[in-house]
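In case you want the letters, here they are:
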Amino acid sequence: MTHWFHRNPLKATAPVSFNYYGVVTGPSASKICNDLRSSRARLLELFTDLSCNPEMMKNAADSYFSLLQGFINSLDESTQESKLRYIQNFKWTDTLQGQVPSAQQDAVFELISMGFNVALWYTKYASRLAGKENITEDEAKEVHRSLKIAAGIFKHLKESHTPKLITPAEKGRDLESRLIEAYIIQCQAEAQEVTIARAIELKHAPGLIAALAYETANFYQKADHTLSSLEPAYSAKWRKYLHLKMCFYTAYAYCYHGETLLASDKCGEAIRSLQEAEKLYAKAEALCKEYGETKGPGPTVKPSGHLFFRKLGNLVKNTLEKCQRENGFILNPNQKKK
């Protein structure tokens with residue numbers, strides 16, 4: 001089953017030379033600085049390289065972060081921070097607030113910002129793979145794994161590194177806890193979308209699929225609520241996506257709940273459930289149009305034309321017609337008796 005995911009742009013950064021004349025002395029220290037410069041440049045290149053795979057990304061990220069640790073932690077393994085932590089100024093843009101950069105003279109800020117981009121890369125890799133029309137089982141597992149890795153990175157940055165920043169993140173900036181939390185929840189929701197698709201393909205019980213869809217809708221609602229206090233100028237498009245996915249998966253839940261009711265010969269209740277699914281699908285369709293018209297970070301697409309969206313519309317329509325037919329079969333004998 002093909003998927004469609006909204007993606008905010010990657011963060012951009014200013015070049016860093018790691019040249020510290022008069023501070024760094026000796027060939028070993030110079031080599032570390034050269035390695036830092038080249039490993040950082042390599043990692044930044046891979047973010048936009050479409051041939052990059054998770055193994056390449058992991059190796060490049062490990063290489064850079066292992067060297068950067070020397071600027072954060074003391075080399076004698078004590079609890080003290082490195083004397084080099086505040087030697088370099090780093091500049092990074094934000095995913096929502098365009099090309100206006102944030103700058104901090106702090107290696108921890110660099111670690112979090114670069115780690116944030118690594119997590120974003122995993123979400124974008126998952127999105128590219130999930131958008132294929134004939135996605136294989138192994139590719140679906142890779143999508144699920146990549147989204148889980150991204151969520152884990154975001155969570156680790158939020159819990160272990162952002163509290164160490166000397167200058168706290170400004171409101172609405174990427175490193176603010178609300179934004180990171182929204183990214184975590186979105187990754188969880190999208191990973192569950194893959195689980196739902198797999199459950200449908202394996203023809204699992206409609207009750208299970210309905211429960212998973214309802215839980216996924218709640219994930220999207222929670223992510224949307226997390227962003228509710230941000231400026232609409234830069235969060236509106238992202239929130240439209242979260243809202244439409246909430247409506248979409250609530251419609252899925254009602255649709256499969258209707259199938260469960262139909263299997264129990266509760267045709268009237270099944271029809272009401274499918275009619276609710278029909279309303280929510282129509283609402284999601286309207287939100288798709290609004291999403292396409294809303295300005296802000298993210299791709300300019302028409303989600304309502306996407307295969308994943310059209311398939312649900314057909315499923316709701318066909319299941320409702322099936323329920324109405326079954327209801328007719330039940331009513332007709334009673335009508336004859338009268």
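Here the structure is a predicted model, which is why all the values come from computation and not from measurement.

Peer 1: For this particular structure, what's the right way to read the layout of surface pockets?
Peer 2: A probe as big as a water molecule, rolled over the atoms, marks out the empty space that is left. The space that makes up the second largest pocket amounts to roughly 290 Å³. Lining the second largest pocket are 14 residues, and of these Asp62, Phe65, Gly115, Ile153 and His156 lie nearest its centre. When residues of the lining of the second largest pocket are traced back to their parent elements, those giving at least two are helix H2 (54-68), helix H3 (107-130) and helix H4 (137-161). Here the lining of the second largest pocket gets five residues from one element, more than from any other, and that element is H2. In terms of residue class, the lining of the second largest pocket is made up of eight nonpolar, four polar and two charged.

Peer 1: Is there a simple way to explain the environment of lysine 124 in this structure?
Peer 2: Relative to the elements of secondary structure, lysine 124 occurs in helix H3. In this structure the C-alpha to C-alpha distance between lysine 124 and phenylalanine 5, which are 119 residues apart in sequence, comes to 8.8 Å. In contact with lysine 124, other than residues within four places in its own chain, are Arg7, Asn8, Pro9 and Leu10.

Peer 1: Would you take a moment to explain the UniProt feature "coiled-coil region" (unreviewed entry) in the protein for this structure?
Peer 2: Per the UniProt entry, the sites bearing "coiled-coil region" (unreviewed entry) are residues 267-294 in this numbering. With 96% helix and 0% strand, residues 267-294 has its two end C-alpha atoms placed 40 Å apart.

Peer 1: Just to check I follow, could you spell out the domain arrangement of the protein for this structure?
Peer 2: For an interface, size is often stated in terms of accessible area lost upon the parts coming together. Looking at the assigned domains, one finds that the protein contains domain 1 (1-202) and domain 2 (204-331). For domain 1 and domain 2, the distance between their C-alpha centres works out to 32 Å. With 33 residues of domain 1 at the contact, the number on the domain 2 side is 34 residues. Regarding the contact of domain 1 and domain 2, the summed buried area is about 3,100 Å², with carbon and sulfur atoms giving 69% of it. Considering only the surface of domain 1 that becomes buried against domain 2, Trp4, His6 and Leu96 emerge as the three largest contributors, covering 24% of it. Counting across the interface, domain 1 meets domain 2 through one salt bridge. Between the two partners, domain 1 and domain 2, sit 13 residue pairs in polar contact (both at pLDDT 80 or more). Classifying every residue of the side of domain 1 that touches domain 2 gives 14 nonpolar, eleven polar and eight charged.

What counts and how
- Starting from 1, residues in each chain are numbered consecutively following that chain's sequence as written.
- Local features in this predicted model are restricted to residues of pLDDT 70 or higher, and side-chain atom pairs are both shown and tallied only at a pLDDT of 80 or more, whereas totals for entire chains, interfaces and linings draw on every residue.
- Neither water nor hydrogens contribute to the side-chain values; these are computed over all heavy atoms in the structure.
- Points on a 1 Å grid, built from protein atoms alone, make a cavity when a 1.4 Å probe fits but cannot get out and make a pocket when they are open with protein on both sides within 12 Å along at least 5 of 7 lines; residues with an atom within 4 Å of a point are the lining residues.
- Grid points are joined across faces, edges and corners, and a volume is the space filled by probe spheres set on the points.
- Under the DSSP-based scheme used, a helix requires at least four consecutive residues in state H or I and a strand at least two consecutive residues in state E, with every element numbered from the N terminus.
- Nonpolar residues are Ala, Val, Leu, Ile, Met, Phe, Trp, Tyr, Cys and Pro. Charged residues are Asp, Glu, Lys and Arg, and all others, Gly as well, are polar.
- Here a residue-residue contact requires only that any non-hydrogen atoms of the pair lie within 4.5 Å.
- UniProt positions are given in the numbering used here, feature names are shortened, and annotations may be inferred rather than shown by experiment.
- By convention here, the domain bounds are inherited from an automatic or database domain assignment.
- The buried area of a pairing is the accessible area, by a 1.4 Å probe, that goes missing from both parts when the two are put together, added over both.
- Any carboxyl oxygen of Asp or Glu that lies within 4 Å of a side-chain nitrogen of Lys or Arg is treated as forming a salt bridge with it.
- By the criterion applied in these results, polar contacts are pairs of N or O atoms within 3.5 Å in which, for protein atoms, one can donate a hydrogen and the other can accept it, and in which residues neighboring in sequence qualify only through two side-chain atoms.

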